[in-house]
Amino acid sequence: MKVLKKKTLGIFEVYLIFLSCLYAGFIGYKSLLNILIT
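Note that the coordinates shown come from a computational prediction; the quantities given were computed from them, not determined experimentally.

1. Here we look at the overall build of the protein
So, point 1. On a plain count of helices and strands, the protein comes out with one helix and zero strands.
So, point 2. Residues classed as buried in the protein amount to 0% of the 38 residues present.
So, point 3. Counting every atom, the protein has about 4,000 Å² of accessible surface; 78% of that belongs to carbon and sulfur.

Shown next as structure tokens:
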């Protein structure tokens, strides 16, 4: 049970890291577009 809980937490952490990376990339891409347009 403990191992399963830890594994689920690990999957959640990986998912969270992936989401934050995607979000950071999106923000960087938008700001880059703004710089290019302006």
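2. As for the UniProt feature "transmembrane region" (unreviewed entry) in the protein
So, point 1. Annotation from UniProt places "transmembrane region" (unreviewed entry) at residues 12–29.
So, point 2. The span residues 12–29 shows a helical share of 100% and a strand share of 0%, and its end C-alpha atoms are spaced 25 Å apart.

3. Here's the deal with a nonpolar patch on the surface
So, point 1. Judged by side-chain polarity, Y29, L32, L33, L36 and I37 come together as a nonpolar surface patch covering roughly 580 Å² of accessible area.
So, point 2. Here L33 shows up in helix α1 (residues 2–37).

4. Here's the deal with the environment of S31
So, point 1. Topologically, S31 is positioned in helix α1.
So, point 2. Since its relative accessible area comes to 35%, S31 is described here as partly exposed.

Each value, and the rule that gives it
Residues numbered from 1 in each chain as written. Predicted model: local features only at pLDDT ≥ 70, side-chain atom pairs only at ≥ 80, totals over all residues. Heavy atoms only, no water. Helix = DSSP H or I, 4+ residues; strand = E, 2+ residues; numbered from the N terminus. Buried < 20%, exposed > 50% of the residue type's maximum accessible area, 1.4 Å probe, protein only. Areas by Shrake-Rupley, 256 points an atom, 1.4 Å probe, with all protein chains shown as cover. UniProt positions renumbered as here; feature names shortened; annotations may be inferred. Patch = residues over 30% accessible without salt bridge, like charges linked within 9 Å, V, L, I, M, F, W, Y side chains within 5 Å. Salt bridge = Lys/Arg side-chain N within 4 Å of Asp/Glu carboxyl O.

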